[in-house]
Amino acid sequence: MLGFLMDADRDALARYLDGDEKAFEELVVRYEASVRRVASGIVHDHALAEDIAQETFLTAYEKAGSYRGDGTVRSWLMSIAVRRALDELRRRSRQAAIPLTELNEPTGTPHSPLEASWELRRALALLTADSRAALVLREIEGSTYREIADALRWPMGTVATKLHRARMELRCVLAETKDAVPKN
Amino acid sequence: MQCLKTDSRLSAWMDGELEPGAASDVAAHVEACAECADFVDACRSVPLPDVEPDPGFIVRFREARSARTSEPLAGYLTCLKWKKLAFGLVPLAAAMLVAAILVVSSTDGDAIQQIELEALGDPVALEAGAESVLTIAIEPFPDELP
Ligand SMILES: [Zn+2]
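Residues numbered from 1 in each chain as written. Chains lettered and ligands numbered in written order. Predicted model: local features only at pLDDT ≥ 70, side-chain atom pairs only at ≥ 80, totals over all residues. Heavy atoms only, no water.

1. Digging into the overall build of chain A
No. 1: The secondary structure content of chain A amounts to 8 helices and 0 strands.
No. 2: Taken from the N to the C terminus, the helices and strands of chain A come in the order α-α-α-α-α-α-α-α.
No. 3: Per-residue burial over chain A gives 52% buried out of 184 residues.
No. 4: The contacts of chain A with a sequence gap of at least 6 include a subset with a gap of at least 24, amounting to 64%.
No. 5: By element, 53% of the accessible surface of chain A is carried by carbon and sulfur atoms, the whole surface being about 8,600 Å². (Helix = DSSP H or I, 4+ residues; strand = E, 2+ residues; numbered from the N terminus. Buried < 20%, exposed > 50% of the residue type's maximum accessible area, 1.4 Å probe, protein only. Contact = heavy atoms within 4.5 Å. Areas by Shrake-Rupley, 256 points an atom, 1.4 Å probe, with all protein chains shown as cover.)

2. Thoughts on the coordination of the zinc ion
Reference values for angles at a metal are 109.5 degrees in the four-donor tetrahedral case and 90 or 180 degrees in the six-donor octahedral case.
Residues and elements named next belong to chain B.
No. 1: Only C3 (SG), H29 (NE2), C33 (SG) and C36 (SG) from the protein coordinate the zinc ion, and they sit 2.2 to 2.4 Å from it.
No. 2: Between the donor residues of the zinc ion, the gaps in sequence give the motif C-x25-H-x3-C-x2-C. Considered together, H29 and C33 belong to a single accessibility category, that of buried residues. (Donors = N, O, S within 2.8 Å, 3.2 Å for Na, K, Ca; no water.)

3. Description of the packing of helix α4 (residues 73–91) of chain A against helix α6 (residues 129–139) of chain A
The description of two helices packed together rests on the angle between their axes and the distance between the axes.
Residue and element names in this part refer to chain A.
No. 1: Orientation of α4 relative to α6, taken along the N-to-C sense of each, is 155°, at an axis distance of 11 Å. Regarding the angle of α4 to α6, the classification is roughly antiparallel. In this structure, α4 crosses over α6, and the sense of that crossing is right-handed. Packed against α4, whose contacting residues are M78, V82, L86, L89 and R90, the element α6 presents A129, D130, R132, A133 and L137 at the interface.
No. 2: Class assignment for the residues of the contact of α4 with α6 results in 7 nonpolar, no polar and 3 charged. (Axes fitted to C-alpha atoms, helices over the stretch in contact; angles between N-to-C directions. Parallel < 35°, antiparallel > 145°, perpendicular 65-115°, else oblique. Left-handed = near helix turned anticlockwise from the far one by under 90°. Nonpolar A, V, L, I, M, F, W, Y, C, P; charged D, E, K, R; others polar.)

4. Observations concerning unusual backbone geometry
Residue and element names in this part refer to chain A.
No. 1: If you check the backbone angles, H44 has positive phi at about 55° while not being a glycine.
No. 2: With respect to the helices, strands and loops of the structure, H44 is situated in the loop between α2 (21–43) and α3 (46–62).
No. 3: Overall, H44 belongs to the buried group, its relative accessible area being 8%.
No. 4: Of note, R153 is a non-glycine position whose phi angle comes to about 55°, a positive value.
No. 5: Along the chain, the position of R153 falls in the loop between α7 (145–152) and α8 (159–179).
No. 6: When its relative accessible area of 62% is taken as the criterion, R153 is described as exposed.

5. Quick notes on the interface of chain A and chain B
Accessible area lost upon the coming together of the parts is a frequently used measure of interface size.
No. 1: Counting from both sides, the interface comprises 41 residues of chain A and, opposite them, 39 residues of chain B.
No. 2: Of the roughly 3,700 Å² buried at the junction of chain A and chain B (both faces included), carbon and sulfur atoms supply 61%.
No. 3: Considering only the surface of chain A that becomes buried against chain B, E62(A), H164(A) and R171(A) emerge as the three largest contributors, covering 18% of it.
No. 4: If you look at where chain A meets chain B, you find 7 salt bridges.
No. 5: With its nearest N and O atoms 2.8 Å apart, the salt bridge here joins D15(B) to R167(A).
No. 6: For the pair chain A and chain B, the number of links is 19 residue pairs in polar contact (both at pLDDT 80 or more).
No. 7: Contributing elements (two or more residues each) for the side of chain A that touches chain B: α1 (2–17), α2, α3, α5 (113–125), α6 and α8 of chain A. (Buried area = accessible area lost by both parts, 1.4 Å probe. Salt bridge = Lys/Arg side-chain N within 4 Å of Asp/Glu carboxyl O. Polar contact = N/O pair within 3.5 Å; in protein donor to acceptor, adjacent residues only side chain to side chain.)

6. Thoughts on the side chain of S11(B)
No. 1: Mapping S11(B) onto the fold places it in helix α1 (residues 8–14).
No. 2: Apart from the residues lying within four places of it in its own chain, the contact partners of S11(B) are Y145(A), A160(A), L163(A), H164(A) and R167(A).

7. Topic: the nonpolar core
It is characteristic of soluble globular proteins that their nonpolar side chains tend to be buried jointly.
No. 1: Core analysis: the largest hydrophobic core is formed by 60 residues, its most contacted members being F24(A), I42(A), F57(A) and I148(A).
No. 2: Within the second largest apolar cluster, 10 residues are counted, among which are V30(B), C33(B), C36(B) and F39(B). (Core = buried A, V, L, I, M, F, W, Y, C linked by side-chain atoms within 4.5 Å.)

8. A look at the confidence of the model for chain A
No. 1: Chain-level pLDDT for chain A is 81 on average; 79% of the residues reach the 70-or-more range.
No. 2: Across chain A, the element-wise mean pLDDT spans from 63 in α5(A) up to 95 in α3(A). (pLDDT = per-residue confidence, 0-100.)

9. Here we look at the confidence of the model for chain B
No. 1: When pLDDT is averaged along chain B, the result is 70, and 50% of the positions lie at 70 or above.
No. 2: Scoring the predicted complex yields pTM 0.65 and, for the interface, ipTM 0.78.

10. What about the packing of aromatic side chains?
No. 1: Per the counting criterion, the structure on display carries 8 aromatic pairs over all chains.
No. 2: Seen from their ring centres, Y16(A) and F24(A) are 5.1 Å apart, and the 55° between their planes marks the pair as tilted. With respect to burial, Y16(A) and F24(A) carry one shared label: buried.
No. 3: Their ring planes at 80° and their centres at 6.1 Å tell us that Y61(A) and F61(B) sit as a pair that is edge-to-face. Here Y61(A) is found in helix α3, whereas its partner F61(B) is found in helix α4 (residues 55–69) on a different chain. Comparing Y61(A) with F61(B), the two get one shared label, buried.
No. 4: In this structure an aromatic cluster arises from ring pairing among Y16(A), F24(A), F57(A), Y61(A), F57(B) and F61(B).
No. 5: The ring of W154(A) carries the charged tip of K162(A) above its face, separated from the ring centre by 4.4 Å. (Phe/Tyr/Trp six-rings, centres within 6.5 Å; stacked < 30°, edge-to-face > 60°. Lys NZ or Arg CZ within 6 Å of the ring centre and 35° of its normal.)

Pasting the structure below:
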């Protein structure tokens, strides 16, 4: 199935480069949710994630010729999205952490799935943007270490170390927030 | 084996990025170590936020794309199409050049001179087809050079 998708992706890109505009839209439909998920996991803002996703596809649309074909089309798109998201955070000078006040408090009952997700967002927000990006790529998108290294321009050997540190941090923060139900 | 709780090999193992030999060492440790097993369970049960597919996304993409491509210096693809068009014209240009060379080489010097004289004197006397070599015929001849 994955192999089929990879071939289908390359085929769509090749047809687009051959002048078939509609072929590019196949990639947009196939990967828009993934790209928004990754962007959202990094910037923690749905509206901003939508903008980043749109910019990601526009960049890919305009620079399709820059796809070198040594990775999958999907990981090429993800790396554009990750860089866009990190650039956006840098531009807003809030690379280290998203202010917790910017995260909306949930309205669900305590310990509802919604709240668990909110606690997680709080916890993720305390990680560095790079670590968040790596975790999101790995946990949500199932990216390989090679893909993460390419997307974040990290040396391949540092991916495991950074991911493990991020997981340890995430676990600490989640353990702390478990005891205290947040009140603003 | 020392506890792997703070060792990146534990993550690499969870992510299936270890070589088979190293992977079975880590697996054996996790089986025997409650702390590492806890860590692995916690990492695997983290409910990361999900995003549903949005049918409106493609519509907004089309709008953004048309807005972008109507700007001056519109995108790479436009450029690519021009390049393609330009490359498409190469064989045609080459064919025209070859045809011009053939016409010139099949026309002897006297004929060229004659056409030139006729063109200067009596344009009506120009024969059919002479026009195509007229520009070549009006080049200065060697005996007119200083
Ligand atoms: Zn252990």
